[in-house]
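One-letter residues, chain by chain:
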Amino acid sequence: MFDIQEELKKLPDHPGVYLMHDAGDAIIYIGKAISLRNRVRQYFQSSRNKGPKIEKMVTHIARFEYILTDSELEALVLECNLIKEHRPKYNTMLKDDKTYPYIKVTLGETYPRVLFSRQMKKDKSRYYGPYTSAAAVRDTIDLIRKLYQIRGCNRVLPRDEGKDRPCLNYHIHQCSAPCQGYISQEAYRERIRQAMDFLNGKYAVILDDLEKQMTQAAANLDFERAAECRDLLNSVKQIAQKQKITSFDGEDRDVIALAMDDRDAVVQVFFVRQGKLIGREHFHVTIGTEDTPREVMSTFIRQYYAGTPFIPREIMLQMEVDDAEVISQWLSSRSGHRCVIRVPKKGSREKLVELAAQNAEMVLTRDRERIRREEGRTIGAVKEIAAWLDIGYVSRMEAYDISNINGFESVGSMVVYEKGKPCRSDYRRFKLRTIAGPDDYASMREVLVRRFTHGIAERKENHSRSLGDEYGSFTRFPDLILMDGGKGQVNIALAVLDELGLSIPVCGMVKDDHHRTRGLYYNNVEIPIDTHSEGFHLITRIQDEAHRFAIEYHRSLRSKEQVHSVLDDIPLIGTERRKALMREFQSLEAIRDADEQTLAAVPSMNARAAASVYRYFHPDNASSQSVNEPKNILLK
């Protein structure tokens, strides 16, 4: 259960993106924050004036999650990516993708240009960004042109060389005029390389030079020039905020990082699709005391990609794994394309892996207390039950229940708990075949005989096939059987096990006069239990789950019987004609009152089918039967 007030206390004072989920686990809102702690808490403060839209949204929040980033810029770009991917209900949606600008260097041209772009395409150009400020991008492009005299015109060079006079930019020393052949291609390319170094983050020389120019201009009382240098300096600093939420190659990749302590591990997976980080997932991993991070990472990769339908072209890891080449070959064969496993050592890719590791560490720290509480509710509770019964080891528990109404459609349920948690894939339902009437003991006997006879047969088949224990749904036997009742139910189970030559502890869950669990019946003794203990709460959950599962099955069978309509008993009326009649007339009374011509006019009906319906409700030989009292009008 997600405790919002408890989770609010764990929010970090860190930049990031938060995602609000409703009760159906759909994402209804995505936002960014300089401080997740301050921003997310504001939604749940009653004194805040949040506006009607946000007020309504807050009422639907069932849980929230968050992703840490290294800066507000990264949070903003990640927020944009996630909103486009998930389109939450309460976010203001943009009408197009013209959100963040890029700097484009047209390396495919003989004399490349440095341009402003709103789109990143797979071409020969190099893209830098995205950035949050279009004005800062334009200022930076202007600065680059001033510093390195890069052209910005649309002339096709060298085809148009010398066809026109040089433009004004040449005369104000902001272009080297390659259109006139005033600079060689090699020298121009060197200036482009310097400009790309600048865009790659080598700002120190430029920043230092602008600082000196601003100081000198101010000392000379040239405040206009000083302000110009100041503005350019601020633009460069803003553009220098490199971010790693979007990459430049547009590829699909997964980024995997690990955080672990002596008992638990959390693996964080970032999903990068078409170059954009669009989501993440974390996984709790149970580890042994001897497991190393490399072993845990290798095991996780094999298990995770064995069950996921999509395998990207690149997987970036936090650390080397011993069998990386073998895993890469296996993933390539599964996906049908080459899948590369890499451990980045520098640049934005390394930073992205570090960010994933930071998020994994945050989840491990945040959830450590919750995991301990969960273990108390599950494994700890199972140990308590084993201690009460003086049983050495209990892992798998099976509980059984019977449901019927005066013997009608008797059904049995089997629910399974592994280490204190429901194992729903092993749940089984039984429609009783041999028992007529409300005989719970005989019904339970049939359920247990069928369950364990089937299990013994599967084990023999496994042995003949030399297969492992996982073959067949009934192969695994429980360490403890829990019966919904006392002495009578327990003795039925023990008798069945004795007949089949099985030795499994059987315990009854005894209820008081108010239908509340009061103790356990084991070895002909009722054992009182602490009603405030985790073991008691687990027994109550198992008992309720067995009862719920049986009741739901019984209801589904009753519903199937009840949807059988009187129309199904009429000759020439099948499923389609029955649906057509009910759509047209809405009720059986209206069908009964219709004449043959009206019935024949219904889609999919014909004269013979209409006559069959009319004769059914108006039999010629039933003179004593009123037209208002047709036979068999009730639903079965």
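Okay, so let's go over this structure. Small disclaimer: the values here were computed from a predicted structure and weren't measured. (Residues numbered from 1 in each chain as written. Predicted model: local features only at pLDDT ≥ 70, side-chain atom pairs only at ≥ 80, totals over all residues. Heavy atoms only, no water.)

Comments concerning the packing of helix α5 (residues 134-148) against helix α7 (residues 185-199)
- For the pair α5 and α7, the least separation of the axes is 10 Å and the interaxial angle reads 140 degrees. Our classification of the angle between α5 and α7 gives oblique. Viewed along their axes, α5 and α7 form a crossing whose handedness is right-handed. Seen from α5, the contacting residues are Thr-140, Leu-143, Ile-144 and Tyr-148; seen from α7, they are Arg-191, Gln-194, Ala-195, Phe-198 and Leu-199. (Axes fitted to C-alpha atoms, helices over the stretch in contact; angles between N-to-C directions. Helix = DSSP H or I, 4+ residues; strand = E, 2+ residues; numbered from the N terminus. Parallel < 35°, antiparallel > 145°, perpendicular 65-115°, else oblique. Left-handed = near helix turned anticlockwise from the far one by under 90°. Contact = heavy atoms within 4.5 Å.)

Considering helix α17 (residues 575-585)
- Taken together, the buried positions of α17 are occupied by Arg-577, Ala-580, Leu-581 and Phe-585. End-on, the buried residues of α17 take up no more than an arc of 105 degrees, which puts them together on one face. In α17, the exposed residues that point more than 90 degrees away from the buried face are Glu-576 and Arg-583.
- For α17, the secondary structure elements touched by its buried residues are α18 (588-593), α19 (596-600) and α20 (607-617).
- Where α17 ends, the next residue or the one after it, Gln-586, has phi of about 70 degrees, a positive value. (Buried < 20%, exposed > 50% of the residue type's maximum accessible area, 1.4 Å probe, protein only. Arc of directions from axis to C-beta.)

Observations regarding unusual backbone geometry
- In the segment running from Leu-157 into Pro-158, the intervening peptide bond is cis, with an omega of 10 degrees.
- Of note, Pro-158 is situated in the loop between α5 and α6 (168-171).
- Residues other than glycine seldom take positive phi values, yet Gln-149 does so here, at roughly 55 degrees.
- Looking at where Gln-149 falls in the secondary structure, it is placed in the loop between α5 and α6.
- Gln-149 gets classed as partly exposed once you look at its relative accessible area, which sits at 24%.
- The residue Leu-221 is not glycine, and still its phi comes out positive at about 65 degrees.

Some remarks on the sheet that holds strand β1 (residues 16-21)
- Read across the open sheet, the three strands follow the order β2-β1-β3; overall the sheet is antiparallel. Looking at strand neighbours, the two that pair on one side only are β2 (27-33) and β3 (63-68), the edges of this open sheet. Looking at each pair of strands side by side, their axes are set apart by 20 degrees on average, direction ignored.
- Here β1 pairs with β3 via six bridges, running antiparallel. When the sheet's bridge partners are listed, Met-20 is paired in β3 with Phe-64. (Pairing = 2+ DSSP bridges.)

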